[in-house]
Amino acid sequence: MRKQIAAANWKMNLTLQQANELLDEITNKNISLSPDQQVVFGVPFPYLLLASEKVKSNAGYFIAAQNCYNQASGAYTGEVSAVMLSSCEIGFVIIGHSERREYFWEDNEMLAQKVDICLSNGLKPIFCCGEPLEIREAETQNAYVETQIKESLFHLESSALHNFVVAYEPIWAIGTGKTASAEQAQEMHAHIRSVFAQKYGNDIAESISILYGGSVKANNANEIFGKKDVDGGLVGGASLKADEFAEIIKGLK
Ligand code: PEP
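Residues numbered from 1 in each chain as written. Predicted model: local features only at pLDDT ≥ 70, side-chain atom pairs only at ≥ 80, totals over all residues. Heavy atoms only, no water.

Draft legend 1. Examining the site of the ligand more closely. In the region of the ligand, 14 residues are neighbours, and Lys 11, Glu 169, Gly 175, Ser 215 and Gly 236 sit closest. Here an oxygen atom of the ligand sits 2.6 Å away from a polar atom, N or O, in the side chain of Glu 169. One nitrogen or oxygen atom from the main chain of Gly 175 is found 2.7 Å from an oxygen atom belonging to the ligand. A total of 290 Å² of accessible area belongs to the ligand in isolation, and the protein chains cover 97% of it. Of the residues that constitute the shell around the ligand, the class distribution is four nonpolar, eight polar and two charged. (Near = heavy atom within 4 Å. Polar contact = N/O pair within 3.5 Å; in protein donor to acceptor, adjacent residues only side chain to side chain. Areas by Shrake-Rupley, 256 points an atom, 1.4 Å probe, with all protein chains shown as cover. Nonpolar A, V, L, I, M, F, W, Y, C, P; charged D, E, K, R; others polar.)

Structure follows, in structure tokens:
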């Protein structure tokens, strides 16, 4: 069975002390995970090492960076490379979050480079895709998301996509309190899986964990994660509260 994943995206929130407390609160709950379940904390760069240290004794718990640069090293003041993250033994990197696409002009081509550099450094990308409201209203979301995937991922060998992680995050549902219905999520996840199946075959497509992101909360996680092609969630706001995120973890299949 492909991995079922509850991934937290803390974004640019929390002080060091608050981060410490939140990780302690969640890990102290000792939520037991099946071998097919994983919990990933996407924390700000300064907290990566601390967070890794905190979760290392919890099986199935991992740390993600929220971004990395598309070059290996050099004169790029302020950027963080995949090589650096790999040397810190970070497992995952969130790539192409809609906030990065919107505020930092990351396009599909740049994201393809970021995916490549993560994979070549042993980091697992959590590749985000998803449509803005006007595309959903025009009912062209399938083609829109398909283009994001094709332009950033279809240059990859099939072996690179085995056990890959994609997060479908409709932009109109991020941080808005407006969640896609479980049916809307399932419909898009099935479409995404079929896009991979057409290019790489069923085995690869079935191995990819496709997370849903967009106002996932304790009270809707179970229903959304219960859908056949939804393999957990990428969670922003609700991942900042220990009790809420713990319930979301418990909602995994
Ligand atoms: C996100 O930032 O990836 C996200 C889904 O945020 P929220 O859960 O707050 O909508």
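Draft legend 2. Inspection of the pattern of salt bridges at higher detail. If you walk through the whole model with that rule in mind, you get 16 salt bridges. A salt bridge links Lys 29 to Asp 243, with the nearest nitrogen and oxygen atoms 2.7 Å apart. Taken as a pair, Lys 29 in the loop between helix H1 (16–27) and strand S2 (37–42) and Asp 243 in helix H12 (residues 242–250) lie far apart in primary sequence, 214 residues in all. With relative accessibility at 35%, the residue Lys 29 sits in the partly exposed group. The residue Glu 247 makes a salt bridge to Lys 250 at a minimum N-O spacing of 3.3 Å. Here Glu 247 and its partner Lys 250 are both found in helix H12, three residues apart, which amounts to about one turn of the helix. One salt-bridge network, held together by shared partners, links Arg 2, Arg 193, Glu 206, Lys 228, Asp 229 and Asp 231. (Salt bridge = Lys/Arg side-chain N within 4 Å of Asp/Glu carboxyl O. Helix = DSSP H or I, 4+ residues; strand = E, 2+ residues; numbered from the N terminus. Buried < 20%, exposed > 50% of the residue type's maximum accessible area, 1.4 Å probe, protein only.)

Draft legend 3. Local environment of the nonpolar core. Counting 71 residues, the largest nonpolar core has Phe 41, Ile 149, Ile 192, Phe 196 and Phe 245 as its most contacted members. Residues in contact with Phe 245, not counting those within four places in the same chain, are Ala 6, Ala 7, Ala 8, Ile 26, Val 39, Phe 41, Val 235, Ala 238 and Ser 239. Among the nonpolar cores identified, the runner-up in size contains 12 residues, and Ala 64, Phe 92, Ile 126 and Ala 167 belong to it. (Core = buried A, V, L, I, M, F, W, Y, C linked by side-chain atoms within 4.5 Å. Contact = heavy atoms within 4.5 Å.)

Draft legend 4. View of the pairing of S2. With respect to burial, S2 is a largely interior element, six of its six residues being buried. Residues Gln 37, Val 39 and Phe 41 point to one face of S2 and Gln 38, Val 40 and Gly 42 to the other, with burial holding for every one of them. Inspection of the sheet shows S2 paired to strand S3 (residues 61–65) by four bridges, in the parallel sense. In the sheet register, Val 40 faces S3, and the bridge partner there is Phe 62. (Pairing = 2+ DSSP bridges.)

Draft legend 5. Up close: the packing of helix H7 (residues 141–153) against helix H9 (residues 182–200). Between H7 and H9, whose axes approach to 10 Å, the crossing angle comes to 40°. When the axes of H7 and H9 are compared, the pair comes out oblique. You can see that H7 and H9 cross each other, and the crossing is right-handed. When H7 is examined against H9, the residues Gln 141, Asn 142, Val 145, Glu 146, Ile 149 and Leu 153 are found in contact with a partner set consisting of Met 188, His 191, Ile 192, Val 195, Phe 196 and Tyr 200. (Axes fitted to C-alpha atoms, helices over the stretch in contact; angles between N-to-C directions. Parallel < 35°, antiparallel > 145°, perpendicular 65-115°, else oblique. Left-handed = near helix turned anticlockwise from the far one by under 90°.)

Draft legend 6. Region of the structure containing H1. Helix length check: H1, at 12 residues, gives a terminal C-alpha distance of 16 Å against a target of 16 Å (1.5 Å per residue), a fit within 8%. Here H1 has its buried residues at Ala 19, Leu 22, Leu 23, Ile 26 and Thr 27. The arc enclosing the buried residues of H1, seen along the axis, measures out at 120°, which places them on a common side. The elements touched by buried residues of H1 are S2, helix H2 (48–55), S3 and H12. (Expected span 1.5 Å × (residues − 1). Arc of directions from axis to C-beta.)

Draft legend 7. Quick look at the packing of helix H11 (residues 218–225) against H12. The geometry of H11 relative to H12 is characterised by a closest axis approach of 8 Å and an angle of 15° between their N-to-C directions. When the interaxial angle is binned, H11 and H12 end up roughly parallel. Here H11 runs over H12; the crossing is right-handed. Residues Ala 218, Ala 221 and Phe 225 of H11 pack against Glu 244, Glu 247 and Ile 248 of H12. Considered class by class, the residues forming the contact of H11 with H12 number four nonpolar, no polar and two charged.

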